Amino acid sequence: MKTKIFTLLLIISTLIYKNASAQVLCIYCYDQNDSISHGVHNLIQNGGFENTNCVPNNWAYSTYCPNSGFYNCDIANWTCTGGGVNTYADITDSNFVVIVEGTKAAYFGNQGTLICSATYGDTSCLEHVDCTVFGLQPGYPVSRYPGYGDYSGISLKQTVAGLTIGATYVLEFWAGGEQDNFFLNKSIFGVDVGFGDTMLTEKPTARTNGIGTRYIIEFIANATTHTIKFTNWGHICLDCTELILDDIRLYSLSELDASVTHCVAEALIKTPTINDYATTEIYPNPTGSVLSVKTFNKERLTIMVYDILSRKLLSQEFTGNADIDIERLSRGIYLYQIINDKGMVKNGKIVKE
């Protein structure tokens, strides 16, 4: 029995690459261990991490990350990047955490990380919208201790070929975290399907009866190959857990279980008023200094600007019109959201020249 606990619709902007539209359409998360779709043609190889020569739970002597001083094993079809000489990421089993597929899972061990400030455990900047996270500060996350990954964290990635440009695909995976009498709070990790990190949460999952989070991410392919990447930066607080992944699958939209509403259909059902804001103007775009916002709706709105790692950089309330000073931002692509008291009404891309 599936219990859907969160639906995130159209929160990642549409990006344009080589005249092809690419987009993360929506994210679902379920408070369960069981898979959502069954009998799919999985485009991910070794998504359950069963094909590996790593010794489970051998943190001090075995890790799959080449940058670690403990590196001596690999996970077939996956590449580990980032981390540092002290990174202790390893394969784990049911002696450490609940396993939802096969007998093994991937543990992203990378010590403590600073999220909001130089004070360890300061998570005041984070904005949790159920399973997603916004508000990371510029220059963060960064490792609390040298040698554990710094800004890049530790990542596992796999490039999938043979996709159809313009087709919708489903990334499904299970996320959990270590749990004992000490690690009792959730933490955060990043998922990148080709358009930058989306920040999500994982919660502690005990090895006997732990319940993790089953994620569904639907996206439109903008190339025949996409790299799927998961990143963890470490414990964000003293008793916050670290990421454990299992049962990663990528399949076509037609294989998605019928109980899951397709993103476009659900967007029409749940957010019909979004069309009221279709005439909202964001200009000039690209711009080098000031971004102007004009809407014909007179209610109180808020515009927020994020970098591609979902870190909130600017936030400004307005009614009708507003000028947003983005001169201090570096050149590049940024995302914006306009929200009212009921949720998001418009989002998109900003190009800073």
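So, here's what we can say about the structure.

About the cut-offs
Residues numbered from 1 in each chain as written. Predicted model: local features only at pLDDT ≥ 70, side-chain atom pairs only at ≥ 80, totals over all residues. Heavy atoms only, no water. Helix = DSSP H or I, 4+ residues; strand = E, 2+ residues; numbered from the N terminus. Buried < 20%, exposed > 50% of the residue type's maximum accessible area, 1.4 Å probe, protein only. Polar contact = N/O pair within 3.5 Å; in protein donor to acceptor, adjacent residues only side chain to side chain. Contact = heavy atoms within 4.5 Å. Disulfide = S-S within 2.5 Å. Core = buried A, V, L, I, M, F, W, Y, C linked by side-chain atoms within 4.5 Å.

### Quick word on the side chain of Ser62
Item 1. Structurally, the position occupied by Ser62 is in the loop between β3 (20-30) and β4 (79-82).
Item 2. The exposure class of Ser62 is buried, given its relative accessible area of 1%.
Item 3. Among the polar contacts made by the side chain of Ser62, one reaches the side chain of Asn72 at a distance of 3.1 Å.
Item 4. Setting aside residues no more than four positions away along its own chain, Ser62 makes contact with Cys54, Val55, Phe70, Asn72, Cys73, Ala89 and Asp90.

### A closer look at unusual backbone geometry
Item 1. Tyr283 connects to Pro284 through a cis peptide bond whose omega is -20°.
Item 2. On the secondary structure map, Pro284 appears in the loop between β18 (281-283) and β19 (290-294).
Item 3. Here the residue pair Asn285 and Pro286 is connected by a cis peptide bond, since its omega of 15° sits within 30 degrees of zero.
Item 4. In this structure, Pro286 sits in the loop between β18 and β19.
Item 5. You will see that Asn46, though not glycine, has its phi angle at about 60°, which is positive.
Item 6. Tracing the chain through its elements places Asn46 in the loop between β3 and β4.

### Structural notes on the state of the cysteines
Item 1. Under the definition given, this model contains 5 disulfides.
Item 2. A sulfur-sulfur separation of 2.0 Å characterises the disulfide bridge that pairs Cys65 with Cys80. A torsion of 70° about the S-S bond marks the disulfide between Cys65 and Cys80 as right-handed. Taken together, the residues Cys65 in the loop between β3 and β4 and Cys80 in strand β4 connect sequence positions 15 residues apart.
Item 3. Each sulfur in the disulfide pair Cys116 and Cys125 lies 1.9 Å from the other. On the sign convention where negative is left-handed, the bridge of Cys116 and Cys125, at about -75° about the S-S bond, is left-handed.
Item 4. Relative accessible area serves as the criterion here: at 10%, Cys116 is assigned to the buried category.
Item 5. Under the relative-accessibility criterion, Cys125 is labelled buried at 14%.

### A short note on the nonpolar core
The tendency in soluble globular proteins is for nonpolar side chains to be buried as a group.
Item 1. Within the largest apolar cluster, 40 residues are counted, with the highest numbers of intra-cluster contacts made by Tyr64, Leu171, Phe173 and Phe230.
Item 2. Only β3, β11 (154-160), β12 (168-177), β13 (187-192), β15 (213-220), β16 (226-232) and β17 (243-252) provide two or more residues apiece to this core.
Item 3. If you look at the next biggest cluster of nonpolar residues, it comprises 18 residues, including Ile282, Phe318, Ala322 and Ile338.

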